[in-house]
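# Chain and residue survey
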Amino acid sequence: QVQLVESGGGLVQAGGSLRLSCVASGRSFWSYAMGWFRQAPGKEREFVARISSGGSSLYYADSVKGRFIISRDNARNTVYLQMNSLKPEDTAVYYCAATRAVGYTDSVFDYWGQGTQVTVSS
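Residues numbered from 1 in each chain as written. Predicted model: local features only at pLDDT ≥ 70, side-chain atom pairs only at ≥ 80, totals over all residues. Heavy atoms only, no water.

## Overview of the pattern of salt bridges
Rules: Each salt bridge in this description consists of a side-chain nitrogen of Lys or Arg and a carboxyl oxygen of Asp or Glu lying within 4 Å of one another. Only DSSP runs of H or I with at least four residues qualify as helices, and only runs of E with at least two residues qualify as strands; both kinds are numbered from the N terminus onward. Buried residues are those whose accessible area, probed at 1.4 Å on protein chains only, stays under 20% of the maximum for their type, while exposed residues exceed 50% and partly exposed ones sit between those limits.
Within the structure shown, the criterion is met by six salt bridges. The salt bridge partner of E46 is R38, with a shortest N-O separation of 2.5 Å. For R45, the salt bridge is made with D106, and the minimal N-O distance between the two is 3.5 Å. Here the residue R45 occupies a position in the loop between β4 (33-39) and β5 (46-51), and D106 occupies one in the loop between β9 (92-99) and β10 (111-112), the gap between them amounting to 61 residues. Residue classification places R45 among the partly exposed residues on the basis of a relative accessible area of 33%. Beyond isolated ion pairs, a larger network of salt bridges with shared partners links R38, E46, R67 and D90.

## Section: the packing of aromatic side chains
This is how the line gets drawn: Here is the rule: rings of Phe, Tyr and Trp (six-membered ring for Trp) pair when centre to centre is within 6.5 Å. Planes less than 30 degrees apart are stacked, more than 60 are edge-to-face, and the remainder are tilted.
One pass over the full model with this rule turns up eight aromatic pairs. Centre to centre, the rings of F37 and F47 are 5.7 Å apart; their planes meet at 75°, and the pair counts as edge-to-face. You can see F37 sitting in strand β4 and its partner F47 sitting in strand β5, a full 10 residues away along the chain. Residue class for F37 comes out buried when judged on its relative accessible area of 1%. Measuring from centroid to centroid gives 5.0 Å for F47 and Y104, while their planes differ by 50°, and the two rings are tilted. Of this pair, F47 sits in strand β5 while Y104 is found in the loop between β9 and β10, placing the two residues 57 residues apart along the sequence.

## Here we look at the nonpolar core
Applied cut-off: We define a nonpolar core as any set of buried Ala, Val, Leu, Ile, Met, Phe, Trp, Tyr and Cys residues linked to one another through side-chain atoms lying within 4.5 Å. Any two residues whose heavy atoms approach within 4.5 Å at even a single point are treated as in contact.
Within the largest apolar cluster, 35 residues are counted, with the highest numbers of intra-cluster contacts made by M34, W36, L81, M83 and Y94. Going through the elements one at a time, β3 (18-25), β4, β5, β7 (68-73), β8 (78-83), β9 and β11 (116-121) are the ones with two or more residues in this core. Aside from chain neighbours lying at most four places away, what touches M83 is G16, S17, L18, L20, R67, F68, Y94 and V118.

## Section: the sheet that holds β8
Heads up, the rule is: If DSSP finds at least two bridges between two strands, the strands pair. To obtain each axis, a line is fitted to C-alpha atoms, and for helices this fit is confined to the stretch in contact; angles are then taken between N-to-C directions over 0 to 180 degrees.
Pairing is antiparallel in the open sheet, where four strands are placed in the order β1-β3-β8-β7. Each edge of the sheet is formed by a strand with only one pairing partner; in this case those strands are β1 (3-7) and β7. In this sheet, neighbouring strand axes are inclined to one another by 15° on average, regardless of whether the strands run parallel or antiparallel.

The following block contains the structure:
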């Protein structure tokens, strides 16, 4: 069992930056690949980024590639999402998730956090 708690969301102007954190409790955080997803009002949840259990393999949605960076610190049971050059269309609730499976669709992730709101003003 893994419990995930996100933090770091807030209100930021377009062009600004935020760093989201997700702290995991439970055993074997190091064995899980971690992902970030987001859901804007009236839209379906979408994939943002994924990092492998060891941190060597990264994957990003095209919409955030070059602007967002996912990283992890297994010693602190924490995964991060550094968001730069933010746009109003990045406004959403951001969720972290954990999986031991391959893939990046939300169906392969077993554990989810409660989400943190990110709002980007124009």
